[in-house]
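Residue-level listing of the chains:
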Amino acid sequence: MESFFQRYRNGLVLIAVLLVQTIALATQVRRPDYAGRADGHHIRLLRLWMNAILSPPEKLLTNTGHGLRNAWHGYIDLRHTRQQNLELKSELAQLHLREAAIAEDARQDQRLRSLLEFRQQYVSKTVAAQVIGSSGSDLSRVLNIDKGSRDGLRPDMAVITPDGIVGKTRNVFPTTSEVLLINDSSAGAGVILENTRLRGILRGSTNGVPQIVNLLPDNRIHPGDKVVTSGGDRIFPRGLAVGTVKTIAPDPDHQPYTAITIKAAADLERLEEVLVITETAADLKAIPASELTAEEAIATKRASEIVAEHLPGLHDPGEAVPVTKPGEKPVPVTPEGPAKAAPALHPDRYSPGAAAPAADLTPGAPHSTTSAPPPTSTPHHAATPKKETPE
Amino acid sequence: MARRGLSTRRALEQHTFPPVVTALIVLIALFLGVYLPHLFPRYDFLDLPLIIVIFFSVSQRSPMAGTFLGMIVGLAQDLPTNQPIGINGIAKSIVGYAAASIGLQIDVDNPLNRTLLSFAFSLLQSAILFGVRHWMLGMPGYRGLWLHELIKAGVNAVVATPLFLLLDRTRSDS
């Protein structure tokens, strides 16, 4: 006669297997935010072994595909390349000019912010990586990239593309890493609405649509508004594109907040190459002098013009100031010629008169360092245009 | 008498597979599961590891073997994800057990039966995963999208039928 265990062997084995797995689940889960916690040592070891099995064929197939693609684009599909090259070079030159102007504005902004003791992080160093695989689950939005700790990656590093942010590194192995996408339900980022400057928290969701939570209803928020990173999470530098507002609706689970869904700027479904931000800096790095020749002269000229415009109507130190006695009418002072700027106490290349007049500048000429004029007590007149007298 | 008839039928129709081949097929299914979504974003409708578990469970007709196979495949499927390990393990353990148990009762070599079984077990897995995530783990904001799960079950059933015919070639007849 069969015993109870022999008769119901299969069912008992099933119950035992389910019980073991339930206990394993319970030991991993820590409320309330278990998905964001780091794995224990043994769990990480299991994930490491699985990663070691799956990563090599992923890398092999990805590299093979890229090799074939490069062979096609590099040798076969080279039509109109010369014309395209010339157009791109011209566009690059235009962008350099614009970059010089923007860099000048950014430096000025930095000087002002440092006065307010406000410091933000700039992207200083990045590592490019290829996406070689994913988690394979529709509820877990994780990508595998082909760079790991040997390439300088660490957990909780921001991952971006030129279009916008993608996510952050989660598990970093020696040669590969896992990237948690921003639309995963356990992901989060500090964001700010560009127009209204409202700060919020971006969270992923189970259906893969990122949304901003913890914002109260506000009629200033409209679909299409741009969303950028706020820098408050200390992972994503400030100002990186996140996406645009897609829909605004009351959040039924978290009244009275609204659920603002976002259309991510980066195409999270079709990522191939990403950048991992490995270093940030508090200051913008100076643009190398070799890249700024005529552009720097133009920027310098613009800065000195701006300074001259912002300091009108000051009396020259050597000039006697008319003193009005009580009861007398003040004598109107008619300034002779254009407004003069007071001499700078600590002149630099942006001080008025430090740069040569525009008529003497030649675009493309090598940059010549102009020495700042020493501070003098005599009035320093702004350069006046030469008048040509007709014959 | 009924038990003898049952064991006779089992002896005639139970299939075995070389362990190496089984392991290789499982690994290939797991690899394709993590690699193909990178190439085809909509690939998440297809659950190749589930199809493999169903195939081996109904072919071997051993509930214990089906349970263990489902557990191993499910746990391996959880490892590359962001989720706690065990969610897919629990679901596929139950699917493996159920598939092997039903394999004892009906003709699983019939293509129509295979298609229906694949459809039904895919829905069963979806229900189990919903139960685990929603009630056991209490995942915030998790809502089952039943139309999505129906489409998923349909896709799995359509892919499973020709795949089963291909995998039939790997069995070593007992």
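Calculation rules
- Residues numbered from 1 in each chain as written.
- Chains lettered and ligands numbered in written order.
- Predicted model: local features only at pLDDT ≥ 70, side-chain atom pairs only at ≥ 80, totals over all residues.
- Helix = DSSP H or I, 4+ residues; strand = E, 2+ residues; numbered from the N terminus.
- Buried ≥ 20, exposed ≤ 12 C-beta atoms within 10 Å, placed from the backbone.
- Contact = placed C-beta atoms within 7 Å.
- Expected span 1.5 Å × (residues − 1).
- Bend = angle between axes of the 7 residues up to and from the residue.
- Core = buried A, V, L, I, M, F, W, Y, C linked by C-beta atoms within 7 Å.
- Nonpolar A, V, L, I, M, F, W, Y, C, P; charged D, E, K, R; others polar.
- pLDDT = per-residue confidence, 0-100.
- Pairing = 2+ DSSP bridges.
- Axes fitted to C-alpha atoms, helices over the stretch in contact; angles between N-to-C directions.

### Quick word on the overall build of chain A
Of regular secondary structure, chain A possesses 5 helices and 12 strands. Taken over 391 residues, chain A has a buried fraction of 25%. Within chain A, contacts between residues at least 6 apart in sequence are counted, and of these 63% link residues at least 24 apart.

### Details of helix α7 (residues 146-167) of chain B
Residues separated by three or four positions in an α-helix point in the same direction, a consequence of the helix having 3.6 residues per turn. All names here are of chain B. Its 22 residues place the ends of α7 30 Å apart at the C-alpha level, agreeing with the 32 Å of an ideal helix rising 1.5 Å per residue. Ala160 marks the point of greatest bend in α7, at about 30°, and the proline Pro162 comes within the next four residues. Looking at α7, one finds that the buried residues are Lys152, Ala153, Asn156, Ala157, Ala160 and Phe164.

### Concerning the environment of Val58(B)
Residues and elements named next belong to chain B. With respect to the helices and strands, Val58 occurs in helix α3 (residues 48-60). For Val58 and Ile106, which are 48 residues apart along the polypeptide, the C-alpha to C-alpha distance reads 9.6 Å. In this view, Val58 contacts Ala99, Ala100, Gly103, Val108 and Leu117; residues no more than four positions away in its chain are not counted.

### Looking at the nonpolar core
As a rule of thumb, soluble globular proteins bury nonpolar side chains together. In terms of nonpolar packing, the biggest core is built from 44 residues, with Ile52(B), Val53(B), Ile54(B), Val95(B) and Ala99(B) touching the most fellow members. Every element with two or more residues in this core is listed here: α2 (9-28) of chain A together with α2 (19-39), α3, α4 (63-78), α5 (87-103), α6 (111-136) and α7 of chain B. The element contributing the most residues to this core is α5(B), with 10 residues. Look past the residues within four positions of Ile54(B) in its chain and what remains in contact with it is Val95(B), Ala99(B), Leu117(B), Ser118(B), Phe121(B) and Ala160(B). Formed by 43 residues, the second largest nonpolar core is a distinct cluster that contains Ala189(A), Ile192(A), Ala259(A) and Leu268(A).

### A short note on unusual backbone geometry
In terms of backbone geometry, most residues other than glycine have negative phi values and most peptide bonds are trans. One non-glycine residue with positive phi stands out, namely Arg197(A), at about 60°. Tracing the backbone through its elements, the reader meets Arg197(A) in the loop between β6 (188-193) and β7 (199-203). With 9 C-beta atoms packed within 10 Å, Arg197(A) lands in the exposed category. In the Ramachandran plot, Arg61(B) falls in the positive-phi region, its phi being about 55° despite a non-glycine side chain. Considering the arrangement of structural elements, one finds Arg61(B) in the loop between α3 and α4. Arg61(B) gets classed as buried once you count the C-beta atoms within 10 Å, which come to 21.

### Side note on the interface of chain A and chain B
Counting residues at the interface gives 40 residues for chain A and 30 residues for chain B. Only α2, α3 (41-76) and β1 (122-134) of chain A provide two or more residues apiece to the side of chain A that touches chain B. Ranked by residues supplied to the side of chain A that touches chain B, first place goes to α2(A) with 10 residues. In terms of residue class, the side of chain A that touches chain B is made up of 19 nonpolar, 14 polar and 7 charged.

### Points about the confidence of the model for chain A
All names here are of chain A. Summary statistics for chain A give a mean pLDDT of 75 and a share of 69% for residues scoring 70 or more. Counted against residues more than four places away or in other chains, residues 31-35, with its pLDDT under 50, gives 5 contacts. Contacts of residues 286-296 to residues separated by more than four positions or lying in other chains number 15 contacts, the stretch itself having pLDDT below 50.

### Re the sheet that holds β7(A)
Residue and element names in this part refer to chain A. Taking strand neighbours around the barrel as the criterion, the 6 strands line up as β6-β7-β8-β11-β10-β9 in a closed arrangement whose pairing is antiparallel. Looking at each pair of strands side by side, their axes are set apart by 45° on average, direction ignored. Where strand β8 (residues 211-215) and strand β11 (residues 258-264) come together, 3 bridges link them in antiparallel fashion. When the bridges of β11 are listed, Gln211 appears paired with Thr261.

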